[in-house]
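Close look at the chain arrangement
Residue strings, one per chain:
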Amino acid sequence: MTSSGDKWLSSLLHLFYPHNCEGCGSALVSDTQFLCTRCIHRLPATGFFDKQGNPVEKTFYGRLPLHHAAAVYYFTKASLLQHLLVQLKYKGNREAGYFLGRMLGHALSKAERFREVEALVPLPLNPKKEFIRGYNQSFLLCEGIREIWKKPVLANAMTRVRFTETQTHRNRLDRWQNMENVFAVTQPESLTNRHILLVDDVITTGATLEACGSSILQVPGSRLSVAAVGYTGS
């Protein structure tokens, strides 16, 4: 039980060191919060996790034999979600990753379709880029998911063996060609005969996930699903 002294100290610290919403800057009651309730409701939920044949799954039709695929939010430019992802990928804000992972975890835990998933695999980041950034954002998402949805994270099952330039300004064909032979399985025994959920931040053309997923599916008995925070719809 929290003592009155602890509550007083917490209130005093909050007075001098306020904890603010990452979205709108308003003061938050709890230091464990990341966004206020109003900003959470501003994030545009897709509702894809319970829908077979949703737009994310259609992205991979004829390209990757997935069991299921979904993203929790629609991604648009100059949106709150883009701000959070910029914080995560370029501003060193790890809490943004844990928060978005927990949002993914809530969606996954409620979706009957994803119930057979046995383990999480974060999309590998190039070692040089990970060293510069200090972390792999997809791994932080997996850690956030695991807080809500108790699945093991296989952080070292896959590796990125070739450096690739940014995909941002490439067309669909260029993205696919840019991702050939980029990923390799490093721990096949951890993937064998298991249903794997491959996790990324944003799905645009799906070329990177397709390349990584194809490598996973070379492991005997592996099955694959995909989940992401955002979906661009392009």
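No experiment lies behind these values; they were computed from the predicted model shown.

1. Re the overall build of the protein
Within the protein one finds 10 helices and six strands. In the protein, which comprises 234 residues, the share counted as buried stands at 48%. For the protein, the computed accessible surface area is about 12,100 Å², with 53% contributed by carbon and sulfur atoms.

2. Some words on the sheet that holds strand β1 (residues 69-74)
The strands that make up a sheet pair up through hydrogen bonds in the backbone, lying either parallel or antiparallel. The parallel open sheet is built from four strands, whose spatial order is β1-β6-β5-β2. What marks the edges here is a single partner per strand, and that holds for β1 and β2 (119-122). Recorded for the sheet is a direction-independent mean angle of 25° between the axes of neighbouring strands. The strands touched by helix α7 (residues 137-148) within the sheet are β2, β5 (195-203) and β6 (223-231), with β5 carrying the most contacts at an inclination of about 120°. Packed onto the sheet, helix α10 (residues 207-216) meets β2, β5 and β6 and runs at close to 170° relative to β5.

3. Quick word on the environment of Cys39
Within the secondary structure, Cys39 is located in helix α2 (residues 37-42). The exposure class assigned to Cys39 is buried, which follows from its relative accessible area of 1%. With 17 residues separating them in the primary sequence, Cys39 and Glu22 have C-alpha atoms 8.8 Å apart. Filtering out sequence-adjacent residues up to four positions away, Cys39 remains in contact with Cys21, Gly23, Cys24 and Leu80.

4. A short note on the nonpolar core
A general trend in soluble globular proteins is that nonpolar side chains are found buried together. Core analysis: the largest hydrophobic core is formed by 69 residues, its most contacted members being Leu35, Phe49, Phe114, Leu191, Leu197, Leu198 and Ile216. Residue contacts for Leu35: discarding those within four places in its chain leaves Cys21, Glu22, Gly23, Leu28, Ile40, Leu43, Leu80, Leu84 and Phe99.

5. Description of the packing of helix α4 (residues 80-90) against helix α5 (residues 94-110)
The contact between α4 and α5 brings their axes to 7 Å, and the two run at 130°. Classified by the interaxial angle, the pair formed by α4 and α5 is oblique. Judged by the sense of rotation from one axis to the other, the crossing of α4 with α5 is left-handed. In contact with Leu81, Leu84, Leu85, Gln87 and Leu88 of α4, α5 contributes Ala96, Gly97, Phe99 and Leu100.

6. Considering the environment of Gly233
The topology assignment puts Gly233 in the segment after β6. For Gly233, a relative accessible area of 48% corresponds to the partly exposed category. Distance in space between the C-alpha atoms of Gly233 and Val56 is 8.1 Å, their sequence separation being 177 residues.

7. With respect to the pattern of salt bridges
Applying the stated rule across the entire model yields seven salt bridges. For Arg102, the salt bridge goes to Glu147, with nearest N and O atoms at 3.7 Å. Separated by 45 residues along the polypeptide, Arg102 in helix α5 and Glu147 in helix α7 bring together distant segments of the chain. Given the relative accessible area of 17%, Arg102 is considered buried. Across the salt bridge formed by Arg146 and Glu143, the nearest N and O atoms sit 2.4 Å from each other.

8. What about the packing of aromatic side chains?
Inspection of the entire model under this criterion finds four aromatic pairs. Taking 5.6 Å as the distance between ring centres and 80° as the angle between the ring planes, the aromatic pair formed by Phe48 and Tyr74 counts as edge-to-face. With a gap of 26 residues between them, Phe48 in the loop between α2 and α3 (55-59) and Tyr74 in strand β1 connect regions that are remote in the sequence. Note on Phe48: relative accessible area 3%, which makes it buried. Taken together, the ring pairs connect Phe48, Tyr74 and Tyr231 into an aromatic cluster. If you follow Lys151 out to its NZ or CZ, it ends over the ring of Trp149, 4.9 Å from the centre.

What counts, and at which threshold
- Residues numbered from 1 in each chain as written.
- Predicted model: local features only at pLDDT ≥ 70, side-chain atom pairs only at ≥ 80, totals over all residues.
- Heavy atoms only, no water.
- Helix = DSSP H or I, 4+ residues; strand = E, 2+ residues; numbered from the N terminus.
- Buried < 20%, exposed > 50% of the residue type's maximum accessible area, 1.4 Å probe, protein only.
- Areas by Shrake-Rupley, 256 points an atom, 1.4 Å probe, with all protein chains shown as cover.
- Pairing = 2+ DSSP bridges.
- Axes fitted to C-alpha atoms, helices over the stretch in contact; angles between N-to-C directions.
- Contact = heavy atoms within 4.5 Å.
- Core = buried A, V, L, I, M, F, W, Y, C linked by side-chain atoms within 4.5 Å.
- Parallel < 35°, antiparallel > 145°, perpendicular 65-115°, else oblique.
- Left-handed = near helix turned anticlockwise from the far one by under 90°.
- Salt bridge = Lys/Arg side-chain N within 4 Å of Asp/Glu carboxyl O.
- Phe/Tyr/Trp six-rings, centres within 6.5 Å; stacked < 30°, edge-to-face > 60°.
- Lys NZ or Arg CZ within 6 Å of the ring centre and 35° of its normal.

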